[in-house]
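Descriptive structure summary
Given next are the chains, with one letter for each unit.
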Number of protein chains: 2
Amino acid sequence: MKSTSETKEVRSRKILLNKLENGTDSEKNNNQSCQRPHPYESCHKIRDSLLSSASGYTNYRGILNLCVVLLVMSSSRLVLENLLKYGFLVRFNVPILFIKDPTAWPSLLALVLSNVFICTALYLEKLLKQSKIGENGGKFFCFINIFTALLAPAIYLWYREANPVSSFFALAWYTCLSMKLVSYFQVNRHYRLKSRNELSVNKKDTVPEKAATESEQIEYPQNLNFKNLYFFMAAPTLCYELNFPRSQRIRKSFLIRRSGEIIFLSSLSLFLLQQWVVPILQNSKIPFRESNILKIIERLLKLAVPNHVIWLIGFYCFFHSYLNVLAEVLRFGDREFYRDWWNAEDVDSFWQNWNIPVHKFCLRHIYKPLLTQGITKPQASLIVFFVSAFFHEYLVSIPLRMFRIWAFLGMIVQIPFAIVVKKFLHGNYGNMAVWISLIIGQPIAIMMYIHDYYIDYFEVSN
Amino acid sequence: MKSTSETKEVRSRKILLNKLENGTDSEKNNNQSCQRPHPYESCHKIRDSLLSSASGYTNYRGILNLCVVLLVMSSSRLVLENLLKYGFLVRFNVPILFIKDPTAWPSLLALVLSNVFICTALYLEKLLKQSKIGENGGKFFCFINIFTALLAPAIYLWYREANPVSSFFALAWYTCLSMKLVSYFQVNRHYRLKSRNELSVNKKDTVPEKAATESEQIEYPQNLNFKNLYFFMAAPTLCYELNFPRSQRIRKSFLIRRSGEIIFLSSLSLFLLQQWVVPILQNSKIPFRESNILKIIERLLKLAVPNHVIWLIGFYCFFHSYLNVLAEVLRFGDREFYRDWWNAEDVDSFWQNWNIPVHKFCLRHIYKPLLTQGITKPQASLIVFFVSAFFHEYLVSIPLRMFRIWAFLGMIVQIPFAIVVKKFLHGNYGNMAVWISLIIGQPIAIMMYIHDYYIDYFEVSN
């Protein structure tokens, strides 16, 4: 509605301008005693075409609608073409096959065994509280615990030749677990040191009546129990806190809607994967073998769209639907799992906004502690970045059982790209550059892995 | 820039809300003597995810950029796929072949012969002025002249089996010519009757000194000469006026830019036609023969995009570049050849805004005269519509030498569609419906003609 009123305004302004310019017109009108001329006598005025820059016309809202229509139409044509070309490729028993697949079982075992590391962490904290081990010893044992939690499942799943998908989920959980344990250790250490300081101060002063005023809030040593620790392990956050903000009640309708989204969207992405992505990947084997650059680019662009659609669905499904379901069930109050990364105008702000749990963890438990130890901000950023790149590689290489560095390289390439975008592109252009890097960057890395995966595992059998 | 400031505003408002809600937070702060809590003590707040409707967040400007990126990317992929599939199909000698083609010559002859009708019209006007023939006789002869101008070239080009493209251009010129002659006759008739009335009035009153004040303006009988008539014939308008508004001077840079656009855009559309449209049409012969509905729809959607792109280029090239060049050369002031049809929110306003010369002619010389003769507005609209539909059919059937009624039907189908759009869709949805009708409607009609053309001319030879 706004656009039409604007149009009218522009038009009326133009008519006014024309009236002012065409003095001859008004003179003629005066001659005819203020009568309008007969339509057969005057029907042309001096004026510019709208598309001439001189006209000053700028309302192209309709062109945006055209873009939307074209996008929807060409997508539906692609779906139709795909169905005509390949038939209906979706097999509905994929999830059942997946569960029955014995190569998925090692991952399940690994998931169950993660409890060992959780219990060890709690046991170590209790020992530290009772001063049965010193601060440095505790630090060492915690490090060993977390390091083992990252290394042991990786080695186990590698040698059991576990299914890549189940293996990915297991390792993703272990990555989260290790981050949670780091946070748990650091926060408990902070409170332990604080209470010792307070004790030494309180030997001189009176004991403050703090516990009385905040009756429902847990204080430091009370939190060292299984209930508190397992709540943190289940909660959709990587940053430990003694008293998480809790929502009032579980909203059932919210829970049902989000759960419905999970079921629908995961089915949809499974459908798109089988129907749209797999044929493209299979057709790209030949261009790769022939090393035909133009054909590889064509395949890449063809892969980019479904890959991006599935990524967007996956983002929504995990960061909005799944984490909100988890938070709703646990009455976990803080639902900021992502910020408005879709408006990010440079690569930095995309990385800072799209995955808030990890971003918050990196800021609180890596970046800021590094700063307090006298490391400069750019150095700290770089360390955070490399840790992040390492985990990306970890989550891809181990499940696929291939040590390539494409994911790591894909992360590293972001640095010069981010600098270029920040320097030369602003506003909507910067935003478009971020989108392009997302749309193009991912499928390149995926293509490289798929290419190597095919060569490693199928070339031998052919 | 606006979007980011909005985001900041939304965020700061949300932070404020959170502060108000989290009374416990501020109490805690008070307990700690207004100090901010250590980051290890508090890092979560109660808040909603942005995509939850409860968050009230609405800034999705980035998603629009995503649409633009996807559109550009998938288009360039299509170009690449096309080149890989068909190779380089463009033949650069098409325009030369076209000129050398003897079947194009009848059209050229027809164009030259159009001068006969122009001269006849001027001769008739002079006879009428001198009262050598009566008003009714003049009307009859003018009608015969215009009717012959429409019928004779059609019959001539049909029997000479002229090239469809050249034939189309010749008939398009004759259509314009006949409209111009209608306008010329009606305007001259208006002035003739007016001057006779004035003469009869002036027998009683004194003669007004009108001619003196508007010295450079031409009065009625002075306009009946070749210079004035041929200026009107060349001018980019279909509505005759004694004194057209003229621009001050010919802007050379404007002329060069517009001419460059004509050369570039006509080459581009010729390229797209050969490289993109022709392969699709050739591939759609088999689905038509098999009558496979799904495949025909797929072909139709595949044809729709290049067809629409070429139509848009053609619109710009003719209505903006060509008509502006013509107007600039003739110093014709009124450049309103189109209005903002791209924002049209219903079918009516699209038809009223996209082709202003024809719209203006229909309004001035068909619709309004019909109203003065006591015909109601809806009836007059319907008559205008049928005249327009007739000329669409005329311009397609004769060049292709096939009497089908697809173009006519295509126009007629617009009526119920327009009613539905106007009733049920408003704003951007109406605009999208208009775009869809443009994108889908045209290729359906074209497909029908091509289908019949192939069957008529090639099926026999196979």
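Keep in mind it's a predicted model, so treat the numbers as computed, not measured.

As for the overall build of chain A
The secondary structure content of chain A amounts to 17 helices and zero strands. Taken over 462 residues, chain A has a buried fraction of 44%. Considering only contacts within chain A whose residues lie at least 6 apart along the sequence, 75% involve residues at least 24 apart. In the form shown here, chain A has an accessible surface area of approximately 24,900 Å², with 67% of it arising from carbon and sulfur atoms.

Considering the nonpolar core
Ranked by size, the top nonpolar core spans 138 residues in total, and within it Trp341 of chain A together with Trp341 of chain B carry the most contacts. Sorting elements by how many residues they give to this core places helix α12 (residues 293-330) of chain B first, with 14 residues.

Some details on the relation of the copies chain A and chain B
Once chain A is rotated about the relating axis by 180 degrees and shifted along it by 0.1 Å, it coincides with chain B to within an RMSD of 0.1 Å. When the rotation and shift are considered jointly, the pair of chain copies conforms to a two-fold rotation axis. Identified as the residue of chain A closest to the rotation axis by C-alpha distance is Leu71 of chain A, at 3.1 Å.

Considerations on helix α3 (residues 61-86) of chain A
Along its 26 residues, α3 of chain A runs 38 Å from first to last C-alpha, staying within 8% of the 38 Å computed at 1.5 Å per residue. Taken from the residues just after α3 of chain A, Gly87 of chain A is the one with a positive phi, measuring 75 degrees.

Focus: the interface of chain A and chain B
Contacts between chain A and chain B engage 96 residues on the former and 96 residues on the latter. Across the chain A/chain B interface, buried area totals approximately 8,700 Å², and carbon plus sulfur atoms make up 61% of it. Our count for the contact surface shared by chain A and chain B stands at eight salt bridges. Here chain A is connected to chain B by 22 residue pairs in polar contact (both at pLDDT 80 or more). For the side of chain A that touches chain B, the secondary-structure elements that each account for two or more residues are α1 (2-21), α2 (23-31), α3, α7 (164-202), α12 (293-329), α14 (356-372) and α17 (427-457) of chain A. The biggest single contributor to the side of chain A that touches chain B is α3 of chain A, with 18 residues. Classifying every residue of the side of chain A that touches chain B by side-chain character gives 44 nonpolar, 27 polar and 25 charged.

With respect to the pattern of salt bridges
Within the structure shown, the criterion is met by 34 salt bridges over all chains. Salt-bridge contacts for Arg189 of chain B lead to Glu135 of chain B; the nearest nitrogen and oxygen are separated by 3.3 Å. You can see Arg189 of chain B sitting in helix α7 (residues 164-202) and its partner Glu135 of chain B sitting in helix α6 (residues 135-159), a full 54 residues away along the chain. What makes Arg189 of chain B partly exposed here is its relative accessible area of 27%. Here the residues in one salt-bridge network are Arg47 of chain A together with Asp334, Glu336, Arg339 and Lys360 of chain B, joined through shared partners.

A few points about the confidence of the model for chain A
This prediction gives chain A a mean pLDDT of 82; 87% of its residues lie at or above 70. This model gives residues 206-214 of chain A a pLDDT under 50, and the stretch forms five contacts once residues within four places in sequence are excluded.

Description of the packing of α14 of chain A against helix α15 (residues 377-400) of chain A
All names here are of chain A. Across the interface, α14 lies against α15 with an axial gap of 9 Å and an inter-helix angle of 140 degrees. The orientation of α14 relative to α15 falls into the category oblique. Considering how the two elements wind past one another, α14 and α15 form a crossing that is right-handed. On the side of α14, the interface is formed by Cys362, Ile366, Tyr367, Leu370 and Leu371, while α15 contributes Lys377, Ala380, Ser381, Ile383, Val384 and Val387. When the residues that make up the contact of α14 with α15 are grouped by side-chain class, the tally is nine nonpolar, one polar and one charged.

Considerations on the packing of helix α6 (residues 135-159) of chain A against α15 of chain A
Residue and element names in this part refer to chain A. Their axes nearest at 10 Å, the elements α6 and α15 cross at an angle of 25 degrees. On the basis of the axis angle, α6 is roughly parallel to α15. Here Leu150, Ala154 and Trp158 of α6 lie close against α15, whose contacting residues are Phe391, Tyr394, Ser397 and Ile398. Taken together, the residues of the contact of α6 with α15 break down into six nonpolar, one polar and no charged.

Looking at the environment of Ser247 of chain B
Residues and elements named next belong to chain B. Along the chain, Ser247 turns up in the loop between α9 (226-234) and α10 (252-283). Through-space distance from the C-alpha of Ser247 to that of Glu328 is 8.0 Å; in sequence the pair is 81 residues apart. If we ignore the near neighbours within four places in the chain, the residues touching Ser247 are Arg331, Phe332, Gly333 and Arg335.

Things to note about α15 of chain A
Residues and elements named next belong to chain A. The end-to-end C-alpha separation of α15 is 35 Å, in line with the 34 Å expected for 24 residues at 1.5 Å each. Residues of α15 that are buried: Ala380, Val384, Phe385, Ala389, Phe391, Glu393, Tyr394, Leu395, Ser397, Ile398, Pro399 and Leu400. A positive phi of about 55 degrees marks Arg401, the residue just after α15.

Some points on a nonpolar patch on the surface
A cluster of nonpolar residues, Phe140, Phe141, Phe143, Ile144, Phe147, Leu151, Ile155 and Tyr159 of chain A, forms a patch on the protein surface that exposes about 850 Å² of accessible area. With a relative accessible area of 41%, Phe141 of chain A lands in the partly exposed category.

Some words on the packing of aromatic side chains
Scanning the model with the defined rule gives 66 aromatic pairs over all chains in all. Seen in terms of ring centroids, Trp341 of chain A and Phe350 of chain A are 5.7 Å apart; in terms of plane orientation they differ by 85 degrees. Their pairing is edge-to-face. On the basis of relative accessible area, Trp341 of chain A is assigned to the buried category, the value being 4%. Seen in terms of ring centroids, Phe350 of chain B and Trp351 of chain B are 5.6 Å apart; in terms of plane orientation they differ by 70 degrees. Their pairing is edge-to-face. Judged by its relative accessible area of 4%, Phe350 of chain B is buried. Following the ring pairs from residue to residue traces out a cluster consisting of Trp311, Phe315, Phe318, Phe319, Tyr322, Tyr338, Trp341, Trp342, Phe350, Trp351, Trp354 and Trp435 of chain A. Over the ring of Trp158 of chain A we find Arg401 of chain A; its NZ or CZ atom is 5.3 Å from the centre of that ring. Over the face of the ring belonging to Phe254 of chain B we find Arg258 of chain B, whose NZ or CZ atom lies 4.8 Å from the ring centre.

Structural notes on the side chain of Arg77 of chain A
Within the element layout of this structure, Arg77 of chain A appears in helix α3. On the basis of relative accessible area, Arg77 of chain A is assigned to the buried category, the value being 6%. Contact partners of Arg77 of chain A, with chain neighbours within four places excluded, come to Leu78, Glu298, Leu301 and Lys302 of chain B.

Brief notes about the UniProt feature "active site" (unreviewed entry) in chain A
Residue and element names in this part refer to chain A. UniProt's feature table lists "active site" (unreviewed entry) at His392, given in the numbering used throughout. Relative to the helices and strands, His392 is located in helix α15. When its relative accessible area of 33% is taken as the criterion, His392 is described as partly exposed. With residues up to four places along the chain from it excluded, the contact list for His392 reads Trp351, Ala407 and Met411.

Structural notes on the environment of Leu80 of chain A
Position of Leu80 of chain A relative to the elements: it lies in helix α3. Residue classification places Leu80 of chain A among the buried residues on the basis of a relative accessible area of 15%. Residues contacting Leu80 of chain A, with those up to four places away along its chain left out, are Leu294, Ile297 and Glu298 of chain B.

Description of the side chain of Asn188 of chain B
Residues and elements named next belong to chain B. Residue position: Asn188 is located in helix α7. Within the structure, Asn188 has its side chain in polar contact with the side chain of Asn223 (distance 3.1 Å). Sequence-distant contacts of Asn188, defined by excluding residues within four places in its chain, comprise Glu125, Tyr220, Asn223, Leu224 and Tyr240.

Let's talk about the environment of Trp158 of chain B
All names here are of chain B. Following the sequence through the fold, Trp158 ends up in helix α6. Sequence separation between Trp158 and Met402 is 244 residues; the distance between their C-alpha atoms is 9.7 Å. In this view, Trp158 contacts Ser397, Ile398, Arg401, Met402 and Phe403; residues no more than four positions away in its chain are not counted.

Criteria and cut-off values
Residues numbered from 1 in each chain as written. Chains lettered and ligands numbered in written order. Predicted model: local features only at pLDDT ≥ 70, side-chain atom pairs only at ≥ 80, totals over all residues. Heavy atoms only, no water. Helix = DSSP H or I, 4+ residues; strand = E, 2+ residues; numbered from the N terminus. Buried < 20%, exposed > 50% of the residue type's maximum accessible area, 1.4 Å probe, protein only. Contact = heavy atoms within 4.5 Å. Areas by Shrake-Rupley, 256 points an atom, 1.4 Å probe, with all protein chains shown as cover. Core = buried A, V, L, I, M, F, W, Y, C linked by side-chain atoms within 4.5 Å. Least-squares fit on C-alpha atoms with pLDDT ≥ 70 in both. Expected span 1.5 Å × (residues − 1). Buried area = accessible area lost by both parts, 1.4 Å probe. Salt bridge = Lys/Arg side-chain N within 4 Å of Asp/Glu carboxyl O. Polar contact = N/O pair within 3.5 Å; in protein donor to acceptor, adjacent residues only side chain to side chain. Nonpolar A, V, L, I, M, F, W, Y, C, P; charged D, E, K, R; others polar. pLDDT = per-residue confidence, 0-100. Axes fitted to C-alpha atoms, helices over the stretch in contact; angles between N-to-C directions. Parallel < 35°, antiparallel > 145°, perpendicular 65-115°, else oblique. Left-handed = near helix turned anticlockwise from the far one by under 90°. Patch = residues over 30% accessible without salt bridge, like charges linked within 9 Å, V, L, I, M, F, W, Y side chains within 5 Å. Phe/Tyr/Trp six-rings, centres within 6.5 Å; stacked < 30°, edge-to-face > 60°. Lys NZ or Arg CZ within 6 Å of the ring centre and 35° of its normal. UniProt positions renumbered as here; feature names shortened; annotations may be inferred.

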